[in-house]
Amino acid sequence: MAGHGRAPTVTATAEFDDPQLAAGLLAAIDHAATQPWSIMEVCGGQTHTIVRHGIDQLLPERIRLVHGPGCPVCVTPVATIDRAVALARRPEITLCTFGDMVRVPGSDGDLARARAEGGDVRVVYSPLDAVAVAEAEPHRQVVFLAVGFETTAPANATAVDRAHRLGLANFSLLVSHVLVPPAIEAIMADPASRVDAFLAAGHVCTVMGTAQYQPLAARHGVPIVVTGFEPLDLLKGVLATVRQLESGEARVENQYPRAVVREGNPAALRVIEDVFAVTDRSWRGVGEIPKSGYALAPKYSRFDAESVFDVGGLEVDEPEECRSGLVLQGRLRPNECPEFGTRCTPEHPLGATMVSTEGACAAYFHYGRGRRESADAGGTT
């Protein structure tokens, strides 16, 4: 890759996959990068754009994109899936969830199997749909499996608020919310980490804003650049990151201003702060990260399915044969796993990273990234 000059201006009215604009950005990145850098994206949607369009292969060899724990389905613990399956098998319960969750494997099957066995498992498009089911079917106990990052938290909080206002006694949440900044903190605190900078997910920042990333950038000396999800969004993010790295800067930069402002969405933040409280969370394949998730606030505890149905004590170990934890930590590329595309496929996944539409393993499989040997036994970064 060769070329000089600055990147072309990309406006909100431009085509965000325009080949000529992309070529200009790639040339600018090549010109700016004088040494090797590893940049981690923390969003499954961004991972799929990168792999689908071959962005990581178009970048100069000096720039390595690393896939992080950016898929909320993928980091949902096995224990949470087992709790959901146990609830779905109870005859009085209707378990509502998003389509991605139905085939995520637990230690004893998945929700698809529970449904085949006669469980009432329903795919919904919004947690408010689950509230509507509870309102329409008062004889049923309706549980919504609430997973996701900060992006889905406002809708889930709104569902609890609506159920509260309606006085519903047959609606509850099985909560497994996780938060992005503590995950970045955990990655940077790991002595084995070789991540130099982060691309932050634009949709998370539309809710939470960007201020929460400032302490992380300062404490660990890493640039954090907020980007969108289209090819040009990501290339602009990479260019901004490389320019910071090359100049020795470490700050938060917003490359997604058409959707993100520093203060985030005040209305969304208010409902989150009312309904949820920050808590420690376990991440599938990663382990427990302090203060890395949401739980229902005490005043809404009657909507907590774990306590209502006494499934909170269910704990299981992660399967050793699945290496998704290394993938989620950016220490192994999906096609470096010995099970990739053989024992582990979307039809028969060993882990959530192969079945989720935002999973890195699924992206590599669907877009033809064949298996290759890892550089060492522990993977690469």
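You'll find the structure just up there.
Rules of the game
- Residues numbered from 1 in each chain as written.
- Predicted model: local features only at pLDDT ≥ 70, side-chain atom pairs only at ≥ 80, totals over all residues.
- Heavy atoms only, no water.
- Buried < 20%, exposed > 50% of the residue type's maximum accessible area, 1.4 Å probe, protein only.
- Helix = DSSP H or I, 4+ residues; strand = E, 2+ residues; numbered from the N terminus.
- Pairing = 2+ DSSP bridges.
- Phe/Tyr/Trp six-rings, centres within 6.5 Å; stacked < 30°, edge-to-face > 60°.
- Lys NZ or Arg CZ within 6 Å of the ring centre and 35° of its normal.
- 1 Å grid on protein atoms, 1.4 Å probe; cavity = no way out; pocket = protein on both sides within 12 Å on 5 of 7 lines; lining within 4 Å.
- Points joined across faces, edges and corners; volume = space filled by probe spheres on them.
- Axes fitted to C-alpha atoms, helices over the stretch in contact; angles between N-to-C directions.
- Contact = heavy atoms within 4.5 Å.
- Disulfide = S-S within 2.5 Å.
- Expected span 1.5 Å × (residues − 1).
- Polar contact = N/O pair within 3.5 Å; in protein donor to acceptor, adjacent residues only side chain to side chain.

(A) Broad picture of the pairing of strand β5 (residues 141-148). Burial within β5 is extensive, with 7 of its 8 residues counted as buried. Looking at chain direction, strand β3 (residues 93-97) and β5 are connected through 4 bridges and run parallel. Paired with Cys96 across the strands is Phe144, a residue of β5. Bridging between β5 and strand β6 (residues 171-178) involves 7 bridges; their strand directions are parallel. If you follow Val143 over to β6, its bridge partner there is Ser172.

(B) Geometry of unusual backbone geometry. The backbone of Lys291 shows a phi angle near 50 degrees, a positive value even though the residue is not glycine. Mapped onto the elements, Lys291 comes out in strand β11 (residues 287-296). Lys291 gets classed as exposed once you look at its relative accessible area, which sits at 61%. Although it is not a glycine, Asp310 sits at a positive phi angle of roughly 55 degrees.

(C) Layout of the packing of aromatic side chains. For the structure on display, the rule yields 5 aromatic pairs. Ring geometry for Phe229 and Tyr256: centres 6.0 Å apart, planes at 85 degrees, overall edge-to-face. With Phe229 in the loop between β8 (224-227) and α11 (231-247) and Tyr256 in the loop between β9 (252-254) and α12 (266-275), this pair connects stretches of sequence that are 27 residues apart. Their ring planes at 70 degrees and their centres at 6.4 Å tell us that Phe340 and Phe365 sit as a pair that is edge-to-face. Of this pair, Phe340 sits in the loop between α14 (324-328) and α15 (352-355) while Phe365 sits in helix α16 (residues 360-366); the two residues are 25 residues apart in sequence, bridging distant segments of the chain. Overall, the relative accessible area of 5% leaves Phe340 in the buried class. Using a relative accessible area of 31% as the deciding quantity, one classes Phe365 as partly exposed. It is Arg369 that lies over the ring of Tyr364; its NZ or CZ is 5.4 Å from the centre.

(D) Spotlight on the layout of surface pockets. A volume near 350 Å³ is recorded for the largest pocket. Lining of the largest pocket is provided by 21 residues; of these, Pro72, Phe98, Gly148, Thr152 and Glu358 occupy positions nearest its centre. Residue assignment for the lining of the largest pocket shows that the elements contributing at least two residues are β5, α7 (153-166) and α9 (202-208). At 3 residues, α7 tops the list of elements feeding residues into the lining of the largest pocket.

(E) Representation of the sheet that holds β9 within the structure. Judged by pairing direction, the sheet is parallel, and its 5 strands sit side by side in the order β2-β1-β7-β8-β9 without closing on themselves. Either end of the sheet is taken by a strand with one partner, and the two such strands are β2 (63-67) and β9. On average, each strand axis in the sheet is inclined to that of its neighbour by 25 degrees, with strand direction left out of account. Bridging between strand β1 (residues 37-41) and strand β7 (residues 197-201) involves 3 bridges; their strand directions are parallel. Residue pairing for β7: Met40 is matched across the bridge by Phe198.

(F) Structural context of the environment of Glu358. Secondary-structure assignment places Glu358 in the loop between α15 and α16. The sequence separation of Glu358 and Gly167 amounts to 191 residues, and the corresponding C-alpha distance is 35 Å. Those residues in contact with Glu358 that sit more than four places away from it in its chain are Gly44, Gly45, His48, Gly70, Cys71 and Pro72.

(G) A look at the state of the cysteines. Inspection of every chain in the model, using the stated rule, returns 1 disulfide. Disulfide pairing is shown between Cys71 and Cys74; the S-S distance is 2.4 Å. The chirality of the disulfide connecting Cys71 with Cys74 is right-handed, given an S-S dihedral of about 75 degrees. No disulfide involves Cys361; its sulfur sits 6.2 Å from that of Cys344, the nearest cysteine. Exposure remark for Cys361: the relative accessible area of 8% places this residue in the buried category.

(H) The arrangement of the side chain of Asp30 in detail. Of note, Asp30 is situated in helix α1 (residues 19-32). On the accessibility criterion, Asp30 (10% relative accessible area) is buried.

(I) Local environment of α1. Under the 1.5 Å per step criterion, the end-to-end length of α1 is 20 Å for 14 residues, consistent within 8% with the ideal 20 Å. Of all the residues in α1, the buried ones are Leu21, Ala22, Leu25, Leu26, Ala27, Ala28, Ile29, Asp30 and Ala32. Of the surrounding secondary structure, the elements contacted by the buried residues of α1 are α3 (55-58), β2 and α11. At the N-terminal end of α1, a side-chain oxygen is found 2.9 Å from the backbone nitrogen of Gln20, two or three residues along, and the residue is Asp18.

(J) Highlighting the sheet that holds β6. Across the sheet, 6 strands lie side by side as β4-β3-β5-β6-β11-β10; this open sheet has mixed pairing. With partners counted over all chains shown, the strands left at the sheet margins are β4 (120-123) and β10 (276-283), one partner each. Strand-to-strand twist across the sheet, computed as the mean angle between neighbouring axes with direction ignored, equals 25 degrees. Note that β3 and β4 share 4 bridges and pair parallel. Bridging from a neighbouring strand, Leu95 pairs with Val121 of β4. On the sheet, helix α8 (residues 180-189) packs against β6, β10 and β11 and is oriented at approximately 175 degrees with respect to β11. Contacting β10 and β11, α12 crosses the sheet at an angle of about 80 degrees to β10.

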